Amino acid sequence: MVETKTRVLIIGAGPAGYSAAIYAARANLKPILVTGIQPGGQLTTTTDVENFPGFAQAVQGPELMEQMRQQAEHVGTSIVFDTIMSVDLSQDPIVAQGDSGDTYLGDALIIATGAQAKWLGSPGEADYSGYGISACAVCDGFFYRGKEVVVIGGGNTAVEEALYLTNHASKVTLIHRRDKLRAEQILQDRFFAHPKIEVVWNTEVVAFLGESEPSRRLTGLRLLDRATGVETSVSVGGAFVAIGHDPATALFRGQLDMTDAGYIKIAPWSTATSRKNVWSAGDVSDDRYKQAVVAAGMGCMAALEAEKYLAERTASQPTAEKARKARESANWNSNLTIA
């Protein structure tokens, strides 16, 4: 098994991780980026991306991430296809153990492990994800302009998604398995006052319906009325699953300060965490925007902050070394016996 040392270790290969790698590599920090189990993150399951700056025409999510990977490598990042299974942040350098058995040591760590949208797991959901089913209204709402769409959920995420979709869709129906929303009251007030929004209460989506020919697309939903037990089918132009996200923070629980929802806490206008040599960028800390361009910006911030930390650390080392030698000299002199 191999042990590799780097000044900057980056865990995660989405927009945040690759952007951090690009900036760290250009600062001659020779970063190592460990990709994790899904290189490219959530964008690898996204089709048309129209809102990432620099692309006049829509770019496919996997293509965008491949270009980021190539750019990171081109400027000097070492990309390792491994999955980190454990991290010890108490050591200096930080120690990360890979599934391969290899060990990665880093003077600084940038966490860019992202978050995953929660899914219902109903039949057909995986088949039509990206083909009529989405978990991000801001990302994909533009593609549903003039259509009737549904939002599935009942918390803040669902209400916010529904409100955003009214800018594009002709009608938005929220489907909720309970008889009241869990969203904040101020959001509910806006939600219920909007003329484009309707609600279907006490109802579950038990299957997503669609067709594969002539092209794969979602066409409808099978619904279960929880009160009567009756199933019905409805036609839809698109469906947005909005039941929350799970940040990939299991590796760091008990080692970093986190929010109640499990996101890594960072300082305002910074990516600094509760440990001085650890930074967190992208959806693993961002519980609000969840956009690729925001994640990329946070990756840039993390690399710049890590670079500053390492520069200050290097500058302070000679002083510390002098102090150590002075202490040794003082101890030696104190042991002299004057005859």
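All of the points below concern the structure found in this document. Within any chain, residue numbers begin from 1 and follow the written order of that chain's sequence. Where local features are concerned, this predicted model is filtered to residues with pLDDT of at least 70; where side-chain atom pairs are given and counted, the filter is 80 or more; whole-chain, interface and lining totals use all residues. Excluded from the side-chain calculation are hydrogens and water; included are all heavy atoms of the structure.

A separate point is the state of the cysteines. Two cysteine sulfurs form a disulfide in these notes if their separation is within 2.5 Å. Counted under the stated rule, the structure contains one disulfide. With its sulfur 2.2 Å from that of its partner, Cys136 forms a disulfide with Cys139. Looking along the S-S bond of the Cys136-Cys139 disulfide, the torsion reads about 70 degrees, which is the right-handed sense. Any residue under 20% of the maximum accessible area for its type is buried, any over 50% is exposed, and the rest in between are partly exposed; the area is computed with a 1.4 Å probe on protein chains only. The class for Cys136 is buried, based on a relative accessible area of 15%.

Secondary structure follows DSSP: runs of H or I at least 4 residues long count as helices, runs of E at least 2 residues long count as strands, and numbering of each begins at the N terminus. Position of Arg7 relative to the elements: it lies in strand E1 (residues 3-11). Residue classification places Arg7 among the partly exposed positions, given a relative accessible area of 30%. Arg7 sits 17 residues away from Ala24 along the chain, and the two C-alpha atoms are 9.5 Å apart. Pairs of residues are marked as contacts when any of their non-hydrogen atoms sit within 4.5 Å. Those residues in contact with Arg7, other than ones at most four positions away along the chain, are Leu29, Gly106, Asp107, Ala108, Leu310 and Thr314. Polar contacts, as used here, are pairs of N or O atoms within 3.5 Å; protein pairs need one atom able to donate a hydrogen and one able to accept it. Residues neighboring in sequence count only if both atoms are side-chain atoms. Of the polar contacts made by the side chain of Arg7, one reaches the side chain of Thr314; its length is 2.9 Å.

Quick look at the side chain of Gln188 now. Here Gln188 lies in helix H6 (residues 185-193). For Gln188, the side chain forms a polar contact with the main-chain oxygen of Ala183, separated by 2.8 Å. With residues up to four places along the chain from it excluded, the contact list for Gln188 reads Leu181, Arg182 and Ala183.

Taken together, three strands build an open sheet; the order of strands is E14-E15-E16 and the sheet is antiparallel. Two strands close off the open sheet at either side, each with one partner strand: strand E14 (203-211) and strand E16 (231-235). The average undirected angle you get between the axes of adjacent strands in this sheet is 25 degrees. Strand pairing requires that DSSP identify at least two bridges connecting the strands. The pairing of strand E15 (residues 217-225) with E16 spans five bridges and is classified as antiparallel. By the bridge assignment for E16, Leu223 is matched with Thr232. To get an axis, fit a line to the C-alpha atoms, keeping to the stretch in contact for a helix; angles then go from 0 to 180 degrees between the N-to-C directions.

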